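Close look at the chain arrangement
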Amino acid sequence: MANLTNTVSCSSFPENTDRCETVITIRKVAGAFSLTGCLFMIAVIWLFRKYVVFAQRMILYLSIGALLDSIAYLMSNTIEDGPLCDFQAWWLTFFDWTVLLWVACITFNLYMNVVRATSTERFEGVYHIVCWGLPLCMSLLPFINDHYGPAGAWCWIVEDIAWRLGIWYAPLFLIIVLLFAAYIYIILTLSRKASTWEGTYDPDTERNHQMLREDIKPLRLYPFVYLIVSIFPLINRIQNAFAPHNHVFALVVLACLSAPLHGALNALVFGMDRETLKKLTPMQIMIALRSKFTPRAKVLEYPHLSSSPSTQDFPSECFPTDP
């Protein structure tokens, strides 16, 4: 029965089910690493209250999306078409889109910070509407005429190139091109501005340095991570489009290894941040935990003191009368 299931649902390598098991295992292991990395990032941001800074909140939102996306990779399995397969396919589509859009919003925020010297914190609500609402709409569309089902070694959009292009690969390719162009422009602009800041002091320069520390520096590598992990999945799907019945095992392996790793690589970037490293000591962690779970002492209110206090400004208990 197991072999029959694999043959039915593993269309990538129907004559070699061992290869399907291999790519599924690789995909699950990479997903597990990403799940662990995302949990680490979310825990650190929560524990040290880093979420008070807008840039760190954007990292938090990206981490939540990547965490849920990694669960989709952990669900990878060769199962027959049905409600469970459709749910797995919908989950993968929804959170792949969520991660992509949070990366796009981070890149837009970087662009506004570096090029326009403007914070986009006022758009935080709009970011949420876009990054959760649009994925919901896109992930529901393949339910029309039942376009979710077995798609290689896991469940996704069935072998229909028009639907795969329309729902994912055409928007993905367009957004990746825009991300790449924006990222190069941001890096060049940042380098040029940094050179002009050297040896100067004025309030505008100090504001730019503050924005660099709080908004730009923590976010600048996350779009690059997404671009890197998207290369092999994109090449693999382009090859699949031209040869739908002749999948290249090496390309499939590289795609299955890299696609789920964005959460793990994000955690690596996050952990390498100097400010974060300073906090990841046993003493700092204990202090943070104590401040999180120890009830805060009540602040006593005292009467207002005038410039020339008199005995009327204080409670009568402060001035005991003679017995």
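This text follows the structure it describes.
Quick look at the structure, then. (Residues numbered from 1 in each chain as written. Predicted model: local features only at pLDDT ≥ 70, side-chain atom pairs only at ≥ 80, totals over all residues. Heavy atoms only, no water.)

1. Overview of the packing of aromatic side chains
Counted according to the given criterion, the structure contains 15 aromatic pairs. Seen in terms of ring centroids, Phe 54 and Tyr 127 are 6.5 Å apart; in terms of plane orientation they differ by 15°. Their pairing is stacked. Of this pair, Phe 54 sits in helix α3 (residues 54-74) while Tyr 127 sits in helix α5 (residues 124-140), placing them 73 residues apart in sequence. A relative accessible area of 5% places Phe 54 in the buried class. (Phe/Tyr/Trp six-rings, centres within 6.5 Å; stacked < 30°, edge-to-face > 60°. Helix = DSSP H or I, 4+ residues; strand = E, 2+ residues; numbered from the N terminus. Buried < 20%, exposed > 50% of the residue type's maximum accessible area, 1.4 Å probe, protein only.)

2. Side note on empty space enclosed by the protein
In total, this model carries four cavities of 30 Å³ or more according to the counting rule given. Its volume calculated, the largest cavity comes out at about 350 Å³. Along the wall of the largest cavity there are 22 residues; nearest its centre are Tyr 73, Asp 96, Trp 168, Pro 233 and Ala 259. Counting only elements with at least two residues in the lining of the largest cavity, the list comes to α3, α4 (83-114), α6 (161-197), α8 (222-242) and α9 (249-258). Here the lining of the largest cavity takes seven residues from α8, the largest share from any one element. Among the residues forming the lining of the largest cavity, the class breakdown is 15 nonpolar, three polar and four charged. (1 Å grid on protein atoms, 1.4 Å probe; cavity = no way out; pocket = protein on both sides within 12 Å on 5 of 7 lines; lining within 4 Å. Points joined across faces, edges and corners; volume = space filled by probe spheres on them. Nonpolar A, V, L, I, M, F, W, Y, C, P; charged D, E, K, R; others polar.)

3. Details of the packing of α4 against α5
At their nearest, the axes of α4 and α5 sit 8 Å apart, and the two run at 150° to each other. Relative to α5, α4 is oriented roughly antiparallel. Handedness of the α4/α5 crossing: right-handed. Together, Trp 90, Thr 93, Phe 94, Phe 95, Trp 97, Thr 98, Leu 101, Trp 102, Cys 105, Phe 108 and Asn 109 of α4 and Tyr 127, His 128, Val 130, Cys 131, Trp 132, Leu 134, Pro 135, Leu 136, Met 138, Ser 139 and Leu 140 of α5 make up the contact between the two elements. Looking at the contact of α4 with α5, its residues break down into 17 nonpolar, five polar and no charged. (Axes fitted to C-alpha atoms, helices over the stretch in contact; angles between N-to-C directions. Parallel < 35°, antiparallel > 145°, perpendicular 65-115°, else oblique. Left-handed = near helix turned anticlockwise from the far one by under 90°. Contact = heavy atoms within 4.5 Å.)

4. Focus: unusual backbone geometry
Non-glycine residue Asn 145 carries a positive phi angle of around 60°. You can see Asn 145 is positioned in the loop between α5 and β1 (148-150). The backbone of Asp 146 sits at a positive phi, close to 55°, despite the residue not being glycine. Take Asp 146: it is sitting in the loop between α5 and β1.

5. Examining α9
Every buried residue belonging to α9 is among Leu 251, Val 252, Val 253, Ala 255, Cys 256 and Ser 258, and all of these are buried. In this structure, the buried side of α9 is in contact with α2 (17-47), α8 and α10 (262-272).

6. Let's talk about the environment of Cys 137
Its place among the elements puts Cys 137 in helix α5. Looking at Cys 137, the relative accessible area reads 48%, which means it is partly exposed. For Cys 137 and Phe 94, which are 43 residues apart along the polypeptide, the C-alpha to C-alpha distance reads 8.6 Å.

Everything listed here is a matter of coordinates, which is why it stays silent on function.
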